[in-house]
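# Overview (structure and organization)
In case you want the letters, here they are:
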Amino acid sequence: MTGPCAAIEATNLRVVRGDKTILRGVSLRALQGEVVGVLGPSGAGKSTFFGALVGEVPVTDGEVRVFDKVVTRAELWERARIGVSYMPQTPSVLWDLSVRENLLVYHQIVHGRAASGADAAVEKLATRVALADRMSVCAGGLSGGERRRLELARALTRAPKVLVCDEPFAGVDPQQASRLADLLRLLADEEGVCVLLSDHHVAEALRICTRAVLLLDGQVAMEGRPEEFEKHPLVIGRYLPPSTYLPTPTAAHVPEIDRPG
Ligand SMILES: Nc1ncnc2c1ncn2[C@@H]1O[C@H](COP(=O)(O)OP(=O)(O)OP(=O)(O)O)[C@@H](O)[C@H]1O
Ligand SMILES: [Mg+2]
């Protein structure tokens, strides 16, 4: 393979569970500073693919490399150590701890109990995801969107080189989703993070993607720039209805809410 070393690279990944073949030879390479969308209908295999990349899902065949190091059979923590961070699709906060405590726990796991500056570091992380005013709230008492933002903050604890985000905008309101998307793009642009992103908020995902891949039935069906992706017949036919893209308002006038009394 020519060109710069990929931050993460999957070659011919196959995942078989029982008599079901979930991934049928998926290949993808992504560079530092890229945001790559892995998009497609429910059941296409996106989460399985991400799980295989980060070490959560055992691979039947094929290879995963991170900065040219083969990690196909490496544990999740071994991949974390070389810079892979993961925001899973399923909820993963510590429900009975506050936002601050959730972030502190991960800070201690990553940097050790004796590390100084933990309070300032978690405050900074919470500010990045607009949760600084929710630090004392129990994670079990957060809204769905707030919980998702906490999970993203946690994934950023170790300043990842490769950030795998499985539906980061799920349950997040449109304005916060847009801010989270901006944050992911910023991580790629300013810190060179390689972001892999899956989400059914396709317009938001494509807005920040360098490239997008359509996954269908466990295979890469097409790959292209966002503007190619959204027009591709396979994408329109198998995933998106053409009406998904609403015109963006230009001269937006946002009225005040009428408040009773
Ligand atoms: N451990 C497993 N054993 C058997 N089948 C599985 C297993 N895990 C996932 N599957 C199946 O593999 C397929 C892909 O699942 P996956 O969760 O990867 O899809 P997805 O593209 O992430 O979907 P969504 O958009 O709904 O999150 C589904 O049909 C699912 O039922
Ligand atoms: Mg999924």
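Provided above is the structure to which this section pertains.
The notes below deal with the structure included here. (Residues numbered from 1 in each chain as written. Chains lettered and ligands numbered in written order. Predicted model: local features only at pLDDT ≥ 70, side-chain atom pairs only at ≥ 80, totals over all residues.)

Here we take up the site of ligand 1. The environment of ligand 1 is formed by Arg17, Lys20, Ile22, Ser42, Gly43, Ala44, Gly45, Lys46, Ser47, Thr48 and Gln89. Every element with two or more residues in the shell around ligand 1 is listed here: strand 2 (20-30) and helix 1 (46-54). Per element, the largest residue contribution to the shell around ligand 1 is 3 residues, and it comes from helix 1. Each residue belonging to the shell around ligand 1 can be placed in one class, and the counts come to 2 nonpolar, 6 polar and 3 charged. (Near = placed C-beta within 6 Å. Helix = DSSP H or I, 4+ residues; strand = E, 2+ residues; numbered from the N terminus. Nonpolar A, V, L, I, M, F, W, Y, C, P; charged D, E, K, R; others polar.)

For the rest of this paragraph, the subject is the sheet that holds strand 6 (residues 84-87). Strand pairing in a sheet relies on backbone hydrogen bonds, with the paired strands running either antiparallel or parallel. Spatial ordering of the open sheet is given by 6-7-8-3-9-10, a layout of 6 strands whose pairing is mixed. Strands at the two margins of the open sheet, each flanked by one partner only, are strand 6 and strand 10 (219-224). Ignoring strand direction, the axes of neighbouring strands in this sheet form an average angle of 20°. Note: strand 3 (residues 35-39) against strand 8 (residues 194-198), 3 bridges, orientation parallel. By the bridge assignment for strand 8, valine 36 is matched with leucine 196. Packing against the sheet, helix 1 makes contact with strand 3, strand 6, strand 7 (162-166), strand 8 and strand 9 (211-216), and its axis sits at approximately 150° to strand 7. (Pairing = 2+ DSSP bridges. Axes fitted to C-alpha atoms, helices over the stretch in contact; angles between N-to-C directions. Contact = placed C-beta atoms within 7 Å.)

So, about unusual backbone geometry. In this structure, phenylalanine 67 is a non-glycine residue whose phi angle is positive, near 45°. Residue placement: phenylalanine 67 occurs in the loop between strand 4 (61-66) and strand 5 (69-70). For aspartate 217, which is not glycine, the phi torsion reads 50° and is therefore positive. Position of aspartate 217 relative to the elements: it lies in the loop between strand 9 and strand 10.

Right, let's talk about the packing of helix 3 (residues 99-111) against helix 4 (residues 118-128) for a bit. Axis angle and axis distance: for two packed helices, these are the angle between their axes and the distance between the axes, and together they describe the pair. Remark: helix 3 packs on helix 4, axes separated minimally by 10 Å, with the N-to-C direction vectors making an angle of 120°. The element helix 3 and its partner helix 4 pack so that their crossing is right-handed. In this structure, helix 3 contributes Val99, Arg100, Leu103, Leu104 and His107 to the contact, and helix 4 contributes Ala118, Ala121, Val122, Leu125 and Ala126. Looking at the contact of helix 3 with helix 4 residue by residue, the class counts come to 8 nonpolar, 1 polar and 1 charged. (Left-handed = near helix turned anticlockwise from the far one by under 90°.)

Moving on to helix 4. Turning to helix 4, its buried residues are Val122, Leu125 and Ala126. Taken around the axis of helix 4, the buried residues stretch over an arc of 100°, which confines them to a single face. Turned more than 90 degrees off the buried face of helix 4, the exposed positions are Ala120 and Thr127. Of the surrounding elements, those touching the buried residues of helix 4 are helix 3 and helix 5 (144-155). Two residues or fewer past helix 4, alanine 130 is found with a positive phi of approximately 60°. (Buried ≥ 20, exposed ≤ 12 C-beta atoms within 10 Å, placed from the backbone. Arc of directions from axis to C-beta.)

Okay, the sheet that holds strand 4 next. The 4 strands lie next to each other as 2-1-4-5, forming an open sheet whose pairing is antiparallel. Edge positions in the sheet fall to strand 2 and strand 5, since each has one partner strand and no second. Of the pairings in the sheet, the one linking strand 4 to strand 5 comprises 2 bridges and is antiparallel in character. Along strand 5, the bridge assignment pairs arginine 65 with valine 70. Sitting on the sheet, helix 1 touches strand 1 (8-17), strand 2 and strand 4, and the angle it makes with strand 1 is about 115°.

At a minimum axis separation of 10 Å, helix 3 and helix 5 run at an interaxial angle of 25°. In terms of orientation, helix 3 and helix 5 fall into the roughly parallel class. As helix 3 packs across helix 5, the resulting crossing turns out to be right-handed. Every residue of helix 5 that contacts helix 3 at Val99, Asn102, Leu103 and Tyr106 is listed here: Leu150, Ala153 and Arg154. Here the residues of the contact of helix 3 with helix 5 are counted per class, giving 5 nonpolar, 1 polar and 1 charged. (Parallel < 35°, antiparallel > 145°, perpendicular 65-115°, else oblique.)

Here the focus is the pairing of strand 10. Two strands pair when backbone bridges link them, and strand 9 and strand 10 are joined in this way by 5 bridges, in the antiparallel orientation. Bridge pairing links leucine 216 to glutamine 219 in strand 10. Connecting the antiparallel pair strand 9 and strand 10 is a turn made up of 2 residues, with aspartate 217 showing a positive phi of about 50°.

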